[in-house]
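Descriptive structure summary
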Amino acid sequence: MIALTDVTKTYAGGVTALAGVSLTIGRGELVGIVGPSGSGKSTMLNVLGTLDRPTSGSVRIDGYDVGALSDAELSALRAARIGFVFQQFHLAAATSAWDNVADGLLYCGLGLRERRRRAAAVLRRVGLGHRLHHAPHELSGGERQRVAIARAVAGDPGLLLADEPTGALDSVTSEGIMRLLRELHEAGTTVVIITHEREIADGLPRQVRMRDGRIVSDSGAPAHGVPSAGEPVGAP
Amino acid sequence: MTVDVRAPELPRVQGPLRPARLRPRDVVKVGSVGLRTRPLRAFLSALGIAIGIAAMVAVVGISASSQAGLDRTLAALGTNLLTASPGSTMTGGQAQLPDTAEQMAARIGPVTSVSALGKVPDAKVYRTAKIPQAETGGLSAYAARTGLRATTGATLASGTWLNEATGRYPATVLGATAAERLGIGRAGADTQVLIGGRLFTVVGILAPAPLAPELDTAALVGWPVAQEELGFDGHPTTLYVRAEDADVEDVQAVLGSTANPEAPNEVEVSRPSDALAAKKAAGEAFTGLLLGLGAVALLVGGVGVANTMVISALERRAEIGLRRSLGATRGQIRTQFLAESLLLSALGGVGGAVLGIAVTAGYALYQDWPVTVPPWAAAGGVGATLVIGAVAGLYPAVRASRLSPTEALAA
Ligand SMILES: Nc1ncnc2c1ncn2[C@@H]1O[C@H](COP(=O)(O)OP(=O)(O)OP(=O)(O)O)[C@@H](O)[C@H]1O
Ligand SMILES: [Mg+2]
């Protein structure tokens, strides 16, 4: 699904956020990325999600060589195959949960009726069937993140990238969000989660540890095996 | 090292990646996000555009309505009236029309009617003898032929017109302005004015005569009584001639030499309907000035929209980043902000056009003109706002689309 090969990223100021990262993530995996602040986790996730291009090295997603794709093609790739969840939710204010999710499907080429139908279905799936008409300010933090997750997966992407999805939530609420992400993983989605919290990371089947722009450990060694498509880890 | 079991062994057939196109409806939807979330700001910047468009539409509309009013007046009065009056002699003195001028003019083939007015010099007009001599009020006494009213197309506001009988007696018909200045509202047997020191009964009052404005300030008396009582010399000072519509210009060409064959150069021939149209044309220059002012207002409105769009794009960086992460292309972000700018100014343009039409209608009805707004003015106004919206929105839209997704999200 994803292959990073010798990826480096140096920002304009001369900061090297990624200093040669190689990482392969198979279809259907659930991966946690951990590491101290400033170690390059978010940078790597952005590169994984094609929001940013690496300074050097190659990125392949779903067989596409990201470096060879135009901006429009990358946008199409994101629209169809990648979902993002952010720490700050990024929900549209004064817009119902339903419309927030439905509008997230704008760039998938679906008509309004179909967008709304799918949005309602996915909101029910994340347990917010009773909050369709609530605006973000009428929702709890955990509910807002559920809306954001619903928006990310409404287009049925194969890959879900979450940058500290529980960073703004208390531990009980975080629990619920993690359970939801696990469920999505069990349904076949490849999920990559950045997290600061040990307990969360410990509960994930594969952990990638970063420091100073490098991967210092990866529990997903070849010996563990990587599930092939259609056989997600943890599926019954 | 981890191994991906899929990628190397099963190179899947990859279709070309093509971003989905936004439907027109969805373009309007994303373009109106800013308007819905910040309605007051949207309203105010649209208002700037609206004022400019309203000013321009109203200026054009009022000018067109006044033209339509004039056309209607001319259609009612006819454009086939000619006048001939004595100009100056070669030596610079006041010329005279010969006594025979009327009969001569009537012999011109296409002429349908001829009438005359003769100024009675030194005959002042007063309401009563108590008013001091100096205050003549700009009114003059004229001897009028009985056919004058029919030829000039003047209508009576009150009373009757002079006839063969009243033309021999001290009876007068006042022009509209003259009656007003003298404070006379109605004609009547007991209403009298002083003309040249003699009392005349006011038998009629004329309505304003657009084709013969000199009648408005006149006190008209019969030709015989003017000669007998006021010392009028019998020389007409203005000849009024109606001709067949098709031949007006031919008649105009020969009227001078016909009225005064001895000194055709001393006759001034004019066509009052042309004078009315010329007066209207003089107003056009002013219309141009107002139109320019409207254009400046429109430009200022456009700057307001540009300002709103720059701020909107700056404030909504996170939204832009999110949309990019959801799969929006640069072009789609550009389209969104351009659509917002266009919607904003279209709103202003349509509002302004409606306002301009309303102002035109109000003013035209007040002036008793037919309400006329040329469709090109309203359409052109709205079209201009779209151009302005596109220009104003272009830079902010391009800037928003150039933003890298990660930078935008970090904002
Ligand atoms: N846009 C940028 N321009 C310059 N330097 C940047 C930029 N973004 C990140 N950096 C730097 O790159 C390094 C890695 O940043 P990154 O955000 O990837 O860290 P992180 O592991 O996500 O940290 P955190 O856990 O605090 O979110 C940091 O030193 C940061 O200062
Ligand atoms: Mg981070």
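Residues numbered from 1 in each chain as written. Chains lettered and ligands numbered in written order. Predicted model: local features only at pLDDT ≥ 70, side-chain atom pairs only at ≥ 80, totals over all residues. Heavy atoms only, no water.

Our next topic: the UniProt feature "transmembrane region" (unreviewed entry) in chain B. Residue and element names in this part refer to chain B. The positions UniProt marks with the feature "transmembrane region" (unreviewed entry) are residues 42-64, 289-314, 342-364 and 376-395. Strand forms 0% of residues 42-64 and helix 100%; the C-alpha atoms that close the span are 32 Å apart. The distance separating the terminal C-alpha atoms of residues 289-314 is 38 Å; by composition the span is 100% helix and 0% strand. (UniProt positions renumbered as here; feature names shortened; annotations may be inferred. Helix = DSSP H or I, 4+ residues; strand = E, 2+ residues; numbered from the N terminus.)

Now for the pattern of salt bridges. Under the definition given, this model contains 20 salt bridges over all chains. Here B:Arg324 ties to A:Asp71 by a salt bridge, and the two come within 2.9 Å at their closest N and O atoms. With one member in each of two chains, B:Arg324 in helix H10 (residues 317-325) and A:Asp71 in helix H2 (residues 71-81) form a pair that bridges those chains. The exposure class of B:Arg324 is buried, given its relative accessible area of 1%. For A:Asp71, a relative accessible area of 18% puts it in the buried group. The shortest N-O distance in the salt bridge between B:Glu319 and B:Arg323 comes to 2.8 Å. Remark: B:Arg323 and B:Glu319 occur in helix H10; sequence separation between them is 4 residues, near one turn of the helix. Residue B:Arg323 is classed as buried on the basis of its relative accessible area of 9%. What emerges from the salt-bridge pattern is a single network uniting B:Arg316, B:Glu319, B:Arg323 and B:Glu340. (Salt bridge = Lys/Arg side-chain N within 4 Å of Asp/Glu carboxyl O. Buried < 20%, exposed > 50% of the residue type's maximum accessible area, 1.4 Å probe, protein only.)

Contact residues are listed per partner, giving 45 residues for chain A and 34 residues for chain B. Interface area, chain A with chain B, both sides summed: about 3400 Å², of which 58% is carbon and sulfur. Along the contact surface separating chain A from chain B lie 4 salt bridges. In this assembly, chain A and chain B are joined by 7 residue pairs in polar contact (both at pLDDT 80 or more). Taken together, the elements giving at least two residues each to the side of chain A that touches chain B come down to strand E2 (16-25), H2, strand E6 (82-85) and helix H4 (112-125) of chain A. When residues in the side of chain A that touches chain B are grouped by element, the largest group, 9 residues, is from H2(A). Among the residues making up the side of chain A that touches chain B, the classes are represented as 22 nonpolar, 11 polar and 12 charged. (Contact = heavy atoms within 4.5 Å. Buried area = accessible area lost by both parts, 1.4 Å probe. Polar contact = N/O pair within 3.5 Å; in protein donor to acceptor, adjacent residues only side chain to side chain. Nonpolar A, V, L, I, M, F, W, Y, C, P; charged D, E, K, R; others polar.)

Residue and element names in this part refer to chain B. The buried fraction of strand E10 (residues 238-243) amounts to 6 of the 6 residues, a majority that puts the element mostly inside the structure. Burial along E10 is two-sided: the residues Thr238, Tyr240 and Arg242 and Leu239, Val241 and Ala243 are all buried. In terms of strand pairing, strand E2 (residues 111-119) meets E10 through 6 bridges, oriented antiparallel. What sits directly across from Ala116, in E10, is Leu239. (Pairing = 2+ DSSP bridges.)

Now for the sheet that holds strand E4 (residues 56-61) of chain A. Residue and element names in this part refer to chain A. The strand order across the open sheet formed by 4 strands is E2-E1-E4-E5, and the pairing between neighbours is antiparallel. Two strands in the sheet have a free side with no partner beyond their single neighbour: E2 and strand E5 (64-65). As judged from the 7 bridges shared by strand E1 (residues 2-10) and E2, these two strands associate in the antiparallel manner. Following the sheet pairing, Leu4 is matched in E2 by Leu23.

It is worth spelling out the sheet that holds strand E8 (residues 190-194) of chain A at this point. Residues and elements named next belong to chain A. Here we have 6 strands laid out as an open sheet, ordered E6-E7-E8-E3-E9-E10, and mixed in their pairing. Of all strands in the sheet, those with a lone pairing partner are E6 and strand E10 (214-218), marking the two edges. Averaged over all pairs of adjacent strands, the angle between their axes in this sheet comes to 20 degrees, without regard to strand direction. Pairing of strand E3 (residues 30-34) with strand E9 (residues 206-211) involves 4 bridges; the strand directions are parallel. (Axes fitted to C-alpha atoms, helices over the stretch in contact; angles between N-to-C directions.)

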